[in-house]
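# Coordinate analysis (summary)
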Amino acid sequence: MSGPSWEDVLAEARDGHVGPAVYRLTLDTARSMSRRYPAQIYSPDGVWSDDALRALAHECFARHLRPDQVEYLAHLVDDIHGARRFVAGRVKRTLIDIRRTDVVDNLLGRLRRRLEETPGIVCDRRYWHPCGSPAPMPMSGPLMAELVSAIAVIPRLRENPSVQAPKVFDDAGLTAVAEVLLNHRGNGTLVRDAEEILRRALTPLVVSALIPNDGSYEPPQQGPTPEEEVMVRETTDQIVRELGREELLLLRLVLEGWRDGAVAEHLGVSRPAVVQRRRRLGERLGTYLEPLEPALGERVSEELAHRLTHHG
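The following refers to the structure shown. (Residues numbered from 1 in each chain as written. Predicted model: local features only at pLDDT ≥ 70, side-chain atom pairs only at ≥ 80, totals over all residues. Heavy atoms only, no water.)

Another aspect to go through is the packing of helix α7 (residues 141-152) against helix α8 (residues 171-183). For any two helices packed against each other, the geometry comes down to the angle between their axes and how far apart the axes lie. For the pair α7 and α8, the least separation of the axes is 10 Å and the interaxial angle reads 165°. By the angle between their axes, α7 is roughly antiparallel relative to α8. Seen from above, α7 lies across α8 with right-handed handedness. Contact residues: α7 offers L147, A150 and I151, while α8 offers V177, V180 and L181. Looking at side-chain class alone, the contact of α7 with α8 contains six nonpolar, no polar and no charged residues. (Axes fitted to C-alpha atoms, helices over the stretch in contact; angles between N-to-C directions. Helix = DSSP H or I, 4+ residues; strand = E, 2+ residues; numbered from the N terminus. Parallel < 35°, antiparallel > 145°, perpendicular 65-115°, else oblique. Left-handed = near helix turned anticlockwise from the far one by under 90°. Contact = heavy atoms within 4.5 Å. Nonpolar A, V, L, I, M, F, W, Y, C, P; charged D, E, K, R; others polar.)

Given below as structure tokens:
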């Protein structure tokens, strides 16, 4: 059975609508890509069954192919091959999110056990803080970004690819993470803030690097050539240099996966204003990315996420 036509995909994309064509394209892409991502790591059932693939497609729609992003597809590509590459990038990010969720849950459990064994620490289900200090308040955006940057430089382990939720940090690294979370201002942290900090620190670039290629599976994509790396770096430099401060902040929030409502609250503007700014930002980014192959455009996005998250 052949896949959906470009005309059908384009008609739905122009409407910002996930209909049969976009759904079929996403499911077919997920099925094709699943052969390169070990089921024992990325599928909750440990196998790539039809149900698991449908669940992956639905996760992709919930996370990275929402209606506004489907509509963006219509302006970014001009044939079914480009649409497949666009969707493949979103499926890849969804797979990485699934892996990251397992990693973060594992880290939170290890941190909780460590803190429960540490004298002088209040370890509640809602917050962690030193005894004698008041219960912590929700963190501001700048402070959270500061802690994300601090955790990002703590050395990480490289794990066996058969492990679904790798440790990421050895005992010394885990201690360093706990110190960042508890001692940044002597106030401790809400557990939900700790979870958000770890999620942001484990960017797609970092999570991908946790899985070494030991020959047990085919890597999701070949790395760029040295010439292409130069092109990626120069394009990233140009974007960071030429975009304004507000545009770079919006770009960082988008690349970190913030929903429009959360962005609006963070920036102190309305949600429709955020949608309009995102649209303008997408159009401007398109002028930088259009000359690149789609795979290099994805590399530029990853490099931007890394720079903006870790270096502000």
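As a further point, take the pattern of salt bridges. This model, assessed by the stated rule, comprises 12 salt bridges. Where D237 meets R307, a salt bridge forms, and the shortest distance between an N and an O atom there is 2.6 Å. One end of the pair, D237, is in helix α11 (residues 226-242); the other, R307, is in helix α15 (residues 294-311), and 70 residues separate them in sequence. Exposure remark for D237: the relative accessible area of 30% places this residue in the partly exposed category. Close ionic contact of R307 with E303 constitutes a salt bridge, the shortest N to O distance being 3.0 Å. Remark: E303 and R307 occur in helix α15; sequence separation between them is four residues, near one turn of the helix. Taken together, the shared-partner salt bridges connect R24, D28, R31 and D50 into one network. (Salt bridge = Lys/Arg side-chain N within 4 Å of Asp/Glu carboxyl O. Buried < 20%, exposed > 50% of the residue type's maximum accessible area, 1.4 Å probe, protein only.)

A word on the sheet that holds strand β2 (residues 127-130). Within the open sheet, the three strands sit side by side as β1-β2-β3. Their pairing is antiparallel. The sheet is open, and its two edges are formed by β1 (121-123) and β3 (189-190), each paired on a single side. Two elements, β1 and β2, share three bridges in a ladder whose sense is antiparallel. Counterpart to I121 in the pairing with β2 is P130. Strand contacts of α8: β1, β2 and β3, with the helix running at about 85° to β2, the strand carrying the most contacts. (Pairing = 2+ DSSP bridges.)

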